[in-house]
Amino acid sequence: MKIYRDGQAIELTPQEIRDAYEEYATDGAKADIKTIAETMDIDIPEEALDELTHNLDIVVGDDDGYWDSYWCDVEYVIREYLKERKESK
């Protein structure tokens with residue numbers, strides 16, 4: 001994958017792409033934790049965010065309901081795509 005920075009093309013390795021994705025996902029999880037903590041009127045110290053994010057990653061990874069829903073959604077979009085293609089013929 002190429003990105004462009006200051007007009008210069010930079011080729012990213014697969015590992016760099018994975019690392020960037022993981023950093024982005026971690027930042028998003030930290031923001032989610034902060035948001036939910038605020039709605040619960042709980043002050044989460046900054047130093048606890050890495051631990052909470054790690055724990056969230058484990059819990060979501062083990063959450064069969066989450067993944068069952070995800071794979072059902074993947075199947076749904078495929079079926080809708082096929083349905084729309086069939087209707088347009």
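The rules behind the values
- Residues numbered from 1 in each chain as written.
- Predicted model: local features only at pLDDT ≥ 70, side-chain atom pairs only at ≥ 80, totals over all residues.
- Heavy atoms only, no water.
- 1 Å grid on protein atoms, 1.4 Å probe; cavity = no way out; pocket = protein on both sides within 12 Å on 5 of 7 lines; lining within 4 Å.
- Points joined across faces, edges and corners; volume = space filled by probe spheres on them.
- Helix = DSSP H or I, 4+ residues; strand = E, 2+ residues; numbered from the N terminus.
- Nonpolar A, V, L, I, M, F, W, Y, C, P; charged D, E, K, R; others polar.

### Some remarks on the layout of surface pockets
With a probe scaled to a water molecule rolled over the atoms, the places where space remains empty come into view. The space that makes up the largest pocket amounts to roughly 400 Å³. Lining the largest pocket are 14 residues; nearest its centre among them are Y21, A25, T26, A29 and D57. Those elements that place two or more of their residues in the lining of the largest pocket are α1 (14-39), α2 (49-61) and α3 (64-87). Broken down by class, the residue content of the lining of the largest pocket amounts to eight nonpolar, four polar and two charged.

### What about unusual backbone geometry?
Even without being a glycine, D6 presents a positive backbone phi close to 55°. Positionally, D6 belongs in the loop between β1 (2-5) and β2 (8-11). Phi is positive for D41, which is not a glycine, with a value near 55°. When you line up the elements, D41 lands in the loop between α1 and α2.

Geometric values such as these leave the question of function open.
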